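Chain and residue survey
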Amino acid sequence: MELAQLTERALQVRQRFNATAPARGGRPWTREELMQGFVVDVGDLMQLVMAKTGARPVADVDRKLAHELSDCLWSVLVLAKEYGVDLEKEFPATMDGIEAKLARR
């Protein structure tokens, strides 16, 4: 899948979350709440990375790691859209900037 397709899929899931929130006793999340959820996902990801290095036992760690990385990507894609960031434009520009800095070292 291309980034645009991944983003579209992420936004479809976000719409489903928003549509079903009242039935779950909630409401659609704000951008700030989306970010809070992302921080929780990053914490979960850290625990799985620790498990991959043997620092903690986690059953089925590879499947859980793939799931958590996908959760984190979902958050990044949705947050980028919420804040009007064009990742297809900005990601290559950011990588170019990093590579330019590394070339000067």
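In this report, we go over the structure that sits alongside the text. (Residues numbered from 1 in each chain as written. Predicted model: local features only at pLDDT ≥ 70, side-chain atom pairs only at ≥ 80, totals over all residues. Heavy atoms only, no water.)

1. Side note on helix α4 (residues 87-103)
- An ideal rise of 1.5 Å per residue puts 24 Å on 17 residues; α4 measures up with 23 Å between its terminal C-alpha atoms.
- Sitting at the head of α4, Asp86 places a side-chain oxygen 3.1 Å from the backbone nitrogen of Glu88. (Helix = DSSP H or I, 4+ residues; strand = E, 2+ residues; numbered from the N terminus. Expected span 1.5 Å × (residues − 1). Polar contact = N/O pair within 3.5 Å; in protein donor to acceptor, adjacent residues only side chain to side chain.)

2. Some thoughts on the environment of Ser70
- Within the secondary structure layout, Ser70 lies in helix α3 (residues 61-82).
- Separated by 29 residues in sequence, Ser70 and Asp41 have C-alpha atoms that sit 9.8 Å apart.
- Of the polar contacts made by the side chain of Ser70, one reaches the backbone oxygen of Ala66; its length is 3.0 Å.

3. A closer look at the pattern of salt bridges
- What the rule picks out here adds up to five salt bridges.
- The shortest N-O distance in the salt bridge between Glu82 and Arg14 comes to 3.4 Å. Note that Glu82 is positioned in helix α3 and Arg14 in helix α1 (residues 3-20), a separation of 68 residues in sequence.
- On the accessibility criterion, Arg14 (10% relative accessible area) is buried.
- Residue Glu90 is joined to Lys89 by a salt bridge in which the shortest nitrogen-to-oxygen separation is 3.7 Å.
- What makes Lys89 exposed here is its relative accessible area of 53%. (Salt bridge = Lys/Arg side-chain N within 4 Å of Asp/Glu carboxyl O. Buried < 20%, exposed > 50% of the residue type's maximum accessible area, 1.4 Å probe, protein only.)

So yeah, pure geometry; function would need other evidence.
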